Amino acid sequence: MTADRNITIIGGGLAGALLATLLAQRGWSVDVYERRGDPRVEGYAGGRSINLALAERGLHALRQAGADGEVLKQAVMMRGRFVHPLHGEPGLQRYGRDDSEVIWSINRGELNIVLLDIAESHGARLHFDHRLDRVDFIDRIAHFKRHEDDIARPFHALVGADGAGSTQRAEMAKVQPLGERTEWLDHGYKELEIPPALDGDFRIEPNALHIWPRGHYMCIALPNDERTFTVTLFMPHKGEYPSFEQVQDGDAAQALFQRDFPDTLPLIPELRQDFDANPVGSLATLYLDRWHLDGRAVLIGDAAHAMVPFHGQGMNCAFEDCVALAEHIERAPSLAEAFAAFEAQRKPDAEAIQQMALENYIEMRDKVDNADYLLQRQLELALQERHPGRFIPHYSMVSFMRIPYSLALRRSKIQHEVLVEATRGLDSLDGVDWQVVDAAVLARLEPL
Ligand code: FAD
Ligand code: E1W
């Protein structure tokens, strides 16, 4: 094996498959090792229809790989969040100014298949049913399990795209401590399904991300192209009702939904069965001090910086990682320098979106049906009009722009203070002191 321009990627999931294409396009010889079987042959593991929100950051990365067209063919547009309060009228809160500012719901399995096909068409070699087991970083040999067999493969450099439970990360930590810290969220999740209506159509508004905010917990639903919705219930693992500890089976879930999500009951005919069949998922934020081991190994995506899902940015961020890493690898004189530069660039941004994702849970479960919150959103839109290119709503900076997450976080904090100060004690924009607000915007926010 020639040493240069060879890369071995661990994990053929979302980031691994995309990075394979980006590197193969640049003339690198790429091998991808994936624990699971080929989803194009065996169907996607799990079989359930799980969807993800794709926003501008992810879409831009897909464009770089020429994958955007195929992916968008199977996507459902989401124009905004459709909020279902327990009492009061449900309604759509638009994400952007028009249909150029939307996000997309895509099926994880279909997306993975598109990315694997493209990677292969660019010459990446895909090795399924290869589970990374151990790495010898001295002799640069990766050891895999394939069914019962042990397989050893020499490598030049390893990119760990093997997700939150990364084996590559554990192996790197044996050579040099990575300063790993996992902060578990004390809430978990359960996935349920809304099937199509009898006439085959969507049962609720298709072009939206639905949210049922209930204070300390919530449900959301994202549309699938087969006219179903995947519903996710997020609530505490333990503690006072409702928690997964107290809602353990389908019957208990039925009672909870009867009380707190009564409008969804007729939409989820198999609530009991879904609840009993699907596991409770866990959520965590993963922080590392280091993402790379000189020129021998680097981590990307969830393996480097898993986050809670409440901003819908984990995959988007992982895709942004892929573009950044491919560019550093192409530009830097050595892989060691490329990996170091990649880490230096991306770690502050990963930490920023990790923080914003945590903060967004409280916003989604407790604020989106609150009058003060809605007034702040109204003012945000007005200030965007008054100060184009200077005051840009938080959601837009994260979802419709590609400015660094760390910059979005910095600006959002200032904007939030301006919004809170300007609306304090008000119940409509009529009482806003525009002179004061405009002056604050001009003084505190540089044009972007
Ligand atoms: P993964 O997609 O996990 O891929 C890792 C791959 O590595 C897998 O194929 C796995 O089989 C393989 N692998 C693992 N171990 C080994 C091994 N030892 N050897 C070989 N292969 C291995 N993000 C969004 O952007 N939008 C959303 O709407 C969104 N919603 C989410 C909802 C929930 C409930 C959750 C939990 C996450 C959500 N995310 C969302 C986050 C998103 O799922 C992840 O950020 C994304 O999948 C990360 O991609 P990845 O390639 O790093 O890891
Ligand atoms: C998105 C799982 C998930 C995925 C998402 C989002 C949310 C709430 C959740 C964040 C959002 C798309 N969000 N939605 N409305 N405001 N913020 O934008 O992906 Cl829980």
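Residues numbered from 1 in each chain as written. Chains lettered and ligands numbered in written order. Predicted model: local features only at pLDDT ≥ 70, side-chain atom pairs only at ≥ 80, totals over all residues. Heavy atoms only, no water.

Draft legend 1. The arrangement of the packing of helix H14 (residues 405-423) against helix H15 (residues 434-444) in detail. Between H14 and H15, whose axes approach to 10 Å, the crossing angle comes to 165°. Classified by the angle between their axes, H14 and H15 sit roughly antiparallel to one another. Taken as a pair, H14 and H15 cross one another with a handedness that is right-handed. Between H14 and H15, the residues in contact are Ile414, Glu417, Val418, Glu421 and Ala422 and Val437, Ala440, Val441 and Arg444, respectively. (Axes fitted to C-alpha atoms, helices over the stretch in contact; angles between N-to-C directions. Helix = DSSP H or I, 4+ residues; strand = E, 2+ residues; numbered from the N terminus. Parallel < 35°, antiparallel > 145°, perpendicular 65-115°, else oblique. Left-handed = near helix turned anticlockwise from the far one by under 90°. Contact = heavy atoms within 4.5 Å.)

Draft legend 2. Quick look at the site of ligand 1. Surrounding ligand 1, one finds 28 residues, the nearest of these being Glu34, Arg36, Ala53, Arg108 and Asp302. One nitrogen or oxygen atom from the main chain of Gly312 is found 3.2 Å from an oxygen atom belonging to ligand 1. At 2.9 Å, a backbone N or O of Met315 approaches an oxygen atom of ligand 1. Those elements giving two or more residues to the shell around ligand 1 turn out to be helix H1 (14-25), strand E3 (51-54), strand E9 (131-136) and helix H10 (314-331). Looking at the shell around ligand 1 element by element, the count peaks at three residues for H10. Grouping the amino acids of the shell around ligand 1 by side-chain chemistry returns 11 nonpolar, 10 polar and seven charged. (Near = heavy atom within 4 Å. Polar contact = N/O pair within 3.5 Å; in protein donor to acceptor, adjacent residues only side chain to side chain. Nonpolar A, V, L, I, M, F, W, Y, C, P; charged D, E, K, R; others polar.)

Draft legend 3. Main features of the packing of aromatic side chains. Scanning all chains against the criterion turns up 13 aromatic pairs. The interplanar angle of 45° and the centroid separation of 6.0 Å between the aromatic rings of Tyr189 and Phe234 together place this pair among those described as tilted. Pair noted here: Tyr189 is in strand E13 (residues 181-194) and Phe234 is in strand E16 (residues 229-236), with a separation of 45 residues, a long-range link. Take Phe234: its relative accessible area is 6%, and that puts it in the buried class. A ring pair is formed by Phe234 and Phe310, whose centres lie 4.9 Å apart and whose planes are at 65°; its orientation type is edge-to-face. (Phe/Tyr/Trp six-rings, centres within 6.5 Å; stacked < 30°, edge-to-face > 60°. Buried < 20%, exposed > 50% of the residue type's maximum accessible area, 1.4 Å probe, protein only.)

Draft legend 4. Inspection of helix H11 (residues 335-367) at higher detail. Compared with an ideal rise of 1.5 Å per residue, which puts 33 residues at 48 Å, H11 spans 45 Å between its outermost C-alpha atoms and is within 8% of the ideal. At Arg346, H11 shows its strongest bend, of approximately 35°, with the proline Pro348 following within four residues. (Expected span 1.5 Å × (residues − 1). Bend = angle between axes of the 7 residues up to and from the residue.)

Draft legend 5. Spatial organisation of a negative patch on the surface. There is a patch of like negative charges on the surface, built from Glu193, Asp225, Glu226 and Glu270. Among the structural elements, Asp225 can be located in the loop between strand E15 (218-223) and E16. For Asp225, a relative accessible area of 33% translates into the label partly exposed. (Patch = residues over 30% accessible without salt bridge, like charges linked within 9 Å, V, L, I, M, F, W, Y side chains within 5 Å. Areas by Shrake-Rupley, 256 points an atom, 1.4 Å probe, with all protein chains shown as cover. Salt bridge = Lys/Arg side-chain N within 4 Å of Asp/Glu carboxyl O. Lys, Arg positive; Asp, Glu negative; His and termini not counted. Charge placed at Lys NZ, Arg CZ, Asp CG, Glu CD.)

Draft legend 6. Focus on the environment of Pro177. Within the element layout of this structure, Pro177 appears in the loop between helix H6 (167-175) and E13. In sequence terms Pro177 and Leu288 are 111 residues apart; their C-alpha atoms lie 9.5 Å from each other.

Draft legend 7. Region of the structure containing the packing of helix H3 (residues 56-64) against H10. The N-to-C vectors of H3 and H10 enclose an angle of 40°; their axes lie 8 Å apart at closest approach. The pairing of H3 with H10 is recorded here as oblique in orientation. When the axes of H3 and H10 are compared, the crossing they make is left-handed. Taken together, the residues of H10 that come into contact with H3 (itself represented by Arg57, Gly58, Ala61, Leu62 and Gln64) are Asn316, Phe319, Glu320 and Val323. Taken together, the residues that form the contact of H3 with H10 break down as four nonpolar, three polar and two charged.

Draft legend 8. Summary view of the pairing of strand E17 (residues 281-287). Among the seven residues of E17, six are classified as buried, and the element is accordingly described as predominantly covered. Where E13 lies against E17, six bridges are found, and the strand directions are antiparallel. The partner of Trp184 across the bridge, within E17, is Ala284. (Pairing = 2+ DSSP bridges.)

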